[in-house]
2 protein chains.
Amino acid sequence: MEVLVTGAAGFLGRQLIRELLKLGTLTNRAGQAQRIERITAFDVAALDGIDDPRVRAMTGDIADPGQIERLIGPGIDSVFHLAAIVSGQAEQDFDLGLRINFDATRALLERLRALGANSRFVMTSSVAVFGGALPATVDDAQVWAPQSSYGTEKAMADLLLADYSRRGFVDGRSLRMPTIVVRPGKPNRAASSFASGIIREPVSGAQAICPVSPDTRLWLMSPACAIQNIVHGHELPARQLTGGRVINMPGLSVSVQEMVDALRRVAGDEAAGRVVFERDAAIDAIVSSWPGNLSAVYARALGFAADGDFDSVIRHFIEDQRLAAS
Amino acid sequence: MEVLVTGAAGFLGRQLIRELLKLGTLTNRAGQAQRIERITAFDVAALDGIDDPRVRAMTGDIADPGQIERLIGPGIDSVFHLAAIVSGQAEQDFDLGLRINFDATRALLERLRALGANSRFVMTSSVAVFGGALPATVDDAQVWAPQSSYGTEKAMADLLLADYSRRGFVDGRSLRMPTIVVRPGKPNRAASSFASGIIREPVSGAQAICPVSPDTRLWLMSPACAIQNIVHGHELPARQLTGGRVINMPGLSVSVQEMVDALRRVAGDEAAGRVVFERDAAIDAIVSSWPGNLSAVYARALGFAADGDFDSVIRHFIEDQRLAAS
């Protein structure tokens, strides 16, 4: 079977491709387990560090319908659509965010509709669709009231994916992801970038600036758990999706203070002391509008997973860094 | 001041233009009451029955950005965007619905953004954004889960309007309208068309087919109340819109059986006997997914109005018909 991964050169994209290569099979659009023959790995940036004959890396503009036509042929079984402009950047560049986070998603859905194959289409959405007056725990019936252009674009894409699925154009699944922590590498332009930074930098001996208050509550998921859930979201039979195609993922609810406390337990006082609080009003406004806890009843019933505790998330990050360096 | 009305040749559009001409003034984009100098009345169809030097009627394609540029110049103060493909037709012609209900709205918002005037932009949205498992009374925090392409497109337009407003590109207000009853004239391709038909036709001596069950509960508003609310939605100062730019309108919750009972009280047994129940699965599926009752707490606090009782709605319709015929 043929699979497309967009945003393939990003951290999650590369992890997902490695996982798919390891699995070797997925459920195809006919509902049968089938060997993965080809993964088209698409991104605006070049793909590094993956060398496998099944992977065809391509670069280009995901919002260009001509490009999408070249990317997706009639043999496509599945699309994992991870490409996105992150929240901070989408807030700074409105046109770019709308073009990539909404128009590109629409163009992908439209291409799959034209091919008429009812392909599986797994997309990562975000808790940034929520905002305004929120209860302490947000349940699946909570209205979407995004306070950022990123959240707006993701919510619009969610609605479109649901309608394309309802009409039988695609077999879509949109996973509302928590903030993914701990991301390795460098900071990015997501408003939530600090949430990885305040663990990643101190662990490697560097100082990290936290732009939000210690009592800010975040909804988190580890990279390994995210990959597991993305694959699970693909594998679920459509008949189980009785509560709709847009699924609020489970997660781990921790305050920034609890994250620093966990860092202290796992990596010591010196590491925890490297987190410096310097409020950034723009980042704080976006992050504070997100929910810190979701019931995710529907997702849990569908078998999506959450991390057990944040200490383990840090320990796994340190272990992964050690393996990557060795 | 200059005003644009889209969907101007439709029933609500014509009523709104008549009301604006009668009022003579509106609050302009600077927040000052100002005389209406010009109403551009735009529609795909020709505008009949309005002859006033302040009204400039234009026909064309509302989804054509070139057309929109000609329609909207830098002097624009306010846009009333009523143009839409109704629910039944949007379900039958997916591309047309998406193009008019979403792309055209986006193009209008984009034109106003380019002009940089922070114009007031009042749009009619719909309770069709709701669906799935709904409580008996839907409150303002209820998630949107449209079960039709029309509802999907309106929800996407709502999100975009809210973000354009948050960013200060426009001063937008989206009014989530109930089903408007009783519409005069001919049936249209809205799934809810029957809700007017089962009053309008029997009153004029004709039979009407009701495609849904008598216990189906509808959320209704009379045309006069709708016009009053659309003008009120325009006049509200932006600072009052603390609960967001997308406002679930108040309404009247009545079952189809209660509508027929009211018809019997107002127009007699013979009229009520002209309503024939013949279930249409496609229409029933769409209409049954809509909420039959909303708390509309936010809208009521903002001073939006609802009809008192359905008997009066029928009486006003009969009176209006008599006046129109005389």
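Residues numbered from 1 in each chain as written. Chains lettered and ligands numbered in written order. Predicted model: local features only at pLDDT ≥ 70, side-chain atom pairs only at ≥ 80, totals over all residues. Heavy atoms only, no water.

- The name given to chain A in an unreviewed UniProt entry is Nucleoside-diphosphate-sugar epimerase, with the source organism recorded as Pollutimonas bauzanensis.

## Topic: the overall build of chain A
Then step 1. Summing up its helical and strand segments, chain A has twelve helices and 14 strands in all.
Then step 2. Scaling as 2.2 N^0.38, a compact globule of 326 residues should have a C-alpha radius of gyration of about 20 Å, and chain A matches this with 19 Å.
Then step 3. Across its three principal directions, the C-alpha atoms of chain A cover 55 × 45 × 35 Å.
Then step 4. Of all 326 residues assigned to chain A, the portion counted as buried reaches 58%.
Then step 5. Considering only contacts in chain A between residues 6 or more positions apart, those separated by 24 or more positions represent 76%.
Then step 6. In chain A, the 33 positive side-chain charges and the 37 negative ones have mean positions that sit 5 Å from each other. (Helix = DSSP H or I, 4+ residues; strand = E, 2+ residues; numbered from the N terminus. Rg over C-alpha atoms; globule rule 2.2 N^0.38 Å. Buried < 20%, exposed > 50% of the residue type's maximum accessible area, 1.4 Å probe, protein only. Contact = heavy atoms within 4.5 Å. Lys, Arg positive; Asp, Glu negative; His and termini not counted. Charge placed at Lys NZ, Arg CZ, Asp CG, Glu CD.)

## Considering the nonpolar core
Then step 1. Phe310 of chain A together with Met259 and Phe310 of chain B are the most contacted members of the largest nonpolar core, which has 143 residues in total.
Then step 2. If sequence neighbours within four positions are ignored, methionine 259 of chain B has contacts with Val181, Ala195, Ile198, Ile199, Leu218, Leu220, Val254, Phe310 and Ile314 of chain B. (Core = buried A, V, L, I, M, F, W, Y, C linked by side-chain atoms within 4.5 Å.)

## Examining the interface of chain B and chain A
Then step 1. In this complex, chain B contributes 29 residues to the contact, which on the side of chain A involves 29 residues.
Then step 2. Summing both partners gives a buried area of about 2,500 Å² for chain B against chain A, and 54% of it is carried by carbon and sulfur.
Then step 3. Of all residues in chain B, Phe94, Leu159 and Arg167 of chain B bury the most surface against chain A, accounting for 23% of the area lost on that side.
Then step 4. At the junction of chain B and chain A, the tally comes to eight salt bridges.
Then step 5. The partner of glutamate 91 of chain B in a salt bridge is arginine 166 of chain A, with the nearest N and O atoms 2.9 Å apart.
Then step 6. On inspection of chain B and its partner chain A, the count reaches 20 residue pairs in polar contact (both at pLDDT 80 or more).
Then step 7. If you list the elements that add at least two residues to the side of chain B that touches chain A, you get helix H3 (87–92), helix H4 (94–115) and helix H5 (149–166) of chain B.
Then step 8. In terms of residue count, the dominant contributor to the side of chain B that touches chain A is H5 of chain B (nine residues).
Then step 9. Looking at the side of chain B that touches chain A residue by residue, the class counts come to 14 nonpolar, five polar and ten charged. (Buried area = accessible area lost by both parts, 1.4 Å probe. Salt bridge = Lys/Arg side-chain N within 4 Å of Asp/Glu carboxyl O. Polar contact = N/O pair within 3.5 Å; in protein donor to acceptor, adjacent residues only side chain to side chain. Nonpolar A, V, L, I, M, F, W, Y, C, P; charged D, E, K, R; others polar.)

## Comments concerning the sheet that holds strand E11 (residues 217–221) of chain B
All names here are of chain B.
Then step 1. Judged by pairing direction, the sheet is mixed, and its three strands sit side by side in the order E9-E11-E13 without closing on themselves. Of all the strands in the sheet, the pair left with one neighbour each is strand E9 (179–180) and strand E13 (252–255).
Then step 2. Inspection of the sheet shows E9 paired to E11 by two bridges, in the parallel sense. Note that in E11 the partner of isoleucine 180 across the bridge is methionine 221. (Pairing = 2+ DSSP bridges.)

## Brief notes about the relation of the copies chain B and chain A
Then step 1. By a simple turn and slide, chain B fits onto chain A: the slide is 0.0 Å along the axis, the RMSD is 0.0 Å, and the turn is 180°. Interpreted geometrically, this transformation is the action of a two-fold axis. Among all residues of chain B, the one whose C-alpha sits closest to the rotation axis is valine 143 of chain B, at a distance of 1.8 Å.
Then step 2. With an isologous cut-off of 70% or more, the 100% of interface residues of chain B that recur at the interface of chain A puts this contact in the isologous class. (Least-squares fit on C-alpha atoms with pLDDT ≥ 70 in both.)

## Some thoughts on the sheet that holds strand E7 (residues 120–126) of chain B
Residues and elements named next belong to chain B.
Then step 1. The strand order across the open sheet formed by seven strands is E5-E4-E1-E6-E7-E8-E12, and the pairing between neighbours is parallel. The sheet terminates laterally at strand E5 (55–59) and strand E12 (246–248), the two strands that pair on one side only. Ignoring strand direction, the axes of neighbouring strands in this sheet form an average angle of 20°.
Then step 2. Pairing of strand E6 (residues 76–81) with E7 involves four bridges; the strand directions are parallel. Opposite valine 79, over in E7, you have phenylalanine 121 as the bridge partner. (Axes fitted to C-alpha atoms, helices over the stretch in contact; angles between N-to-C directions.)

## Considering the packing of helix H5 (residues 149–166) of chain A against H4 of chain B
Then step 1. Remark: H5 of chain A packs on H4 of chain B, axes separated minimally by 13 Å, with the N-to-C direction vectors making an angle of 160°. By the angle between their directions, the pair H5 of chain A and H4 of chain B is classed as roughly antiparallel. Classified by chirality, the crossing of H4 of chain B by H5 of chain A is right-handed. Each of Met156, Leu160, Asp163 and Tyr164 of chain A in H5 of chain A lies in contact with H4 of chain B, whose residues at this interface are Phe94, Leu98 and Phe102 of chain B.
Then step 2. Class assignment of the residues belonging to the contact of H5 of chain A with H4 of chain B gives a composition of six nonpolar, no polar and one charged. (Parallel < 35°, antiparallel > 145°, perpendicular 65-115°, else oblique. Left-handed = near helix turned anticlockwise from the far one by under 90°.)

## Comments concerning helix H4 (residues 94–115) of chain A
Residue and element names in this part refer to chain A.
Then step 1. The end-to-end C-alpha distance of H4, which contains 22 residues, comes to 31 Å, matching closely the 32 Å that a straight helix rising 1.5 Å per residue would cover.
Then step 2. Of all bends in H4, the biggest is about 30°, found at aspartate 103.
Then step 3. Immediately beyond the C-terminal end of H4, within one or two residues, lies glycine 116, with a positive phi of roughly 65°. (Expected span 1.5 Å × (residues − 1). Bend = angle between axes of the 7 residues up to and from the residue.)

## So, the environment of arginine 166 of chain A
Residues and elements named next belong to chain A.
Then step 1. Inspection of the secondary structure puts arginine 166 in helix H5.
Then step 2. Taking the relative accessible area as the measure of exposure, arginine 166 reaches 32% and is therefore partly exposed.
Then step 3. Taking C-alpha positions, arginine 166 is 30 Å from glycine 24, a pair spaced 142 residues apart along the chain.

## Some details on unusual backbone geometry
Residue and element names in this part refer to chain A.
Then step 1. In the segment running from valine 181 into valine 182, the intervening peptide bond is cis, with an omega of 10°.
Then step 2. Its location among the elements puts valine 182 in the loop between strand E9 (179–180) and helix H6 (193–203).
Then step 3. In this structure, asparagine 118 takes a positive phi of about 50° despite not being glycine.
Then step 4. Note on placement: asparagine 118 falls in the loop between H4 and strand E7 (120–126).

## Observations regarding the packing of aromatic side chains
Then step 1. Scanning all chains against the criterion turns up seven aromatic pairs over all chains.
Then step 2. Look at phenylalanine 94 of chain A and phenylalanine 169 of chain B: their rings are 5.2 Å apart centre to centre, the planes differ by 70°, and that puts the pair in the edge-to-face class. You can see phenylalanine 94 of chain A sitting in helix H4 and its partner phenylalanine 169 of chain B sitting in the loop between H5 and strand E8 (171–177), one on each of two chains.
Then step 3. Judged by centre distance (5.3 Å) and plane angle (75°), the rings of tyrosine 164 of chain B and phenylalanine 169 of chain B are edge-to-face.
Then step 4. Its relative accessible area of 17% is what places phenylalanine 169 of chain B among the buried residues. (Phe/Tyr/Trp six-rings, centres within 6.5 Å; stacked < 30°, edge-to-face > 60°.)

## Observations regarding the side chain of threonine 216 of chain A
Residue and element names in this part refer to chain A.
Then step 1. Along the polypeptide, threonine 216 turns up in the loop between strand E10 (208–210) and strand E11 (217–221).
Then step 2. Here the side chain of threonine 216 touches serine 213 through a polar contact of 2.8 Å, landing on its backbone oxygen.
Then step 3. Apart from the residues within four sequence positions on either side, threonine 216 is in contact with Val254, Ser255, Val256 and Val287.

## Some points on the pairing of E7 of chain A
All names here are of chain A.
Then step 1. Taken across its seven residues, E7 has seven buried, putting it largely inside the fold.
Then step 2. Of the two faces of E7, the one carrying Arg120, Val122, Thr124 and Ser126 and the one carrying Phe121, Met123 and Ser125 are both buried.
Then step 3. Bridge analysis of E7 against strand E8 (residues 171–177) gives seven bridges, and the strand direction is parallel. Along E8, the bridge assignment pairs threonine 124 with leucine 175.
Then step 4. Viewed along the sheet, the connection from E7 through H5 into E8 turns out right-handed. (Right-handed = clockwise from strand over helix to strand, strands pointing away.)

## Remarks on the pattern of salt bridges
Then step 1. Within the structure shown, the criterion is met by 44 salt bridges over all chains.
Then step 2. Note that glutamate 270 of chain A and arginine 274 of chain A form a salt bridge whose closest N and O atoms lie 3.4 Å from each other.
Then step 3. Residue aspartate 158 of chain B pairs with arginine 176 of chain B through a salt bridge whose shortest N-O separation is 2.8 Å. Taken together, the positions of aspartate 158 of chain B in helix H5 and arginine 176 of chain B in strand E8 put the pair 18 residues apart, joining distant regions of the chain.
Then step 4. Classification of arginine 176 of chain B by relative accessible area gives buried; the value is 1%.

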